[in-house]
Amino acid sequence: MQRALWQAGMARLGALAVGLDGVVAQQDNYRCGGLDLRGVPLQQLLDCDRPCFPSGRADFLRAWVHQPGHHVLGLLHQGRLAAYGVMRPCLQGHKIGPLIAGSAAQAQALLGALMARAPEGGAVFLDVPQPNAAAVALAEGCGMAPMFETARMYKGAPLLPDMRRTFGIGTFELG
């Protein structure tokens, strides 16, 4: 109900400027409601993304954030990108991923802002890495339930990324 009310109010205001009074310590979380990542330099996106993946993804990310229908949001901390998330249409509903954040609070703020952009009543999916207990708790807290499980397999010694910052994976169906 709160999300629907917020969306209706924002739609009614149109292009008018909107102010928000909030807790000073939560300013980074509030900003996620409107920071479109397309305006952030690609290098900042790559710097935020790099610790979470075993190899560089510049070409992938450059294309991923500019796909039609993708909603791309980020959080700034001291003028630098600290967290980001992408929501895109999928076969049924929308899928969020990647969702990269330095804390569960950042991930929750981004997840909420992205979910608010989904059509009312539409399904939203988040593929979480099971080793990240905070990511699993975040999904469960949003009423999400496991639908299937995958296993990552390697040939040779794996380069393991830092899964503590990975709250949503965007590549399960991409291979």
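Data block above holds the structure.
The structure contained in this document is the topic of the report that follows. Just so you know, these numbers come straight off a predicted model, no measurement behind them.

Here's the deal with the nonpolar core
If you look at the biggest cluster of nonpolar residues, it comprises 21 residues, and the most contacted ones within it are Ile96, Leu99, Leu111, Leu126 and Phe167. If you list the elements that add at least two residues to this core, you get strand 1 (71-77), strand 2 (80-89), strand 3 (94-100), helix 5 (104-115), strand 4 (124-126) and helix 6 (133-141). In terms of residues, this core owes the most to one element, helix 5, which gives 6 residues. The residues contacting Leu111, other than those within four sequence positions of it, are Ile96, Leu99, Leu126, Leu138 and Cys142. Leu45, Leu46, Cys52 and Leu61 belong to the second-largest nonpolar core, a separate cluster that totals 15 residues.

Some words on the pairing of strand 2
Judged by how many residues are buried, strand 2 sits mostly within the fold: 8 of 10 residues are covered. Here strand 1 runs beside strand 2; their pairing, made up of 7 bridges, is antiparallel. Pairing of Leu75 across the sheet is with Ala83, part of strand 2. As paired strands, strand 2 and strand 3 are joined by 5 bridges and run antiparallel to one another. The residue of strand 3 that forms the bridge with Pro89 is His94. Taking the residues between adjacent antiparallel strands as the criterion, strand 2 and strand 3 are bridged by 4 residues, where Gly93 takes a positive phi near 85°.

Cut-off values and rules
- Residues numbered from 1 in each chain as written.
- Predicted model: local features only at pLDDT ≥ 70, side-chain atom pairs only at ≥ 80, totals over all residues.
- Heavy atoms only, no water.
- Core = buried A, V, L, I, M, F, W, Y, C linked by side-chain atoms within 4.5 Å.
- Buried < 20%, exposed > 50% of the residue type's maximum accessible area, 1.4 Å probe, protein only.
- Helix = DSSP H or I, 4+ residues; strand = E, 2+ residues; numbered from the N terminus.
- Contact = heavy atoms within 4.5 Å.
- Pairing = 2+ DSSP bridges.

Remember, this is a structural readout, not a statement about activity or role.
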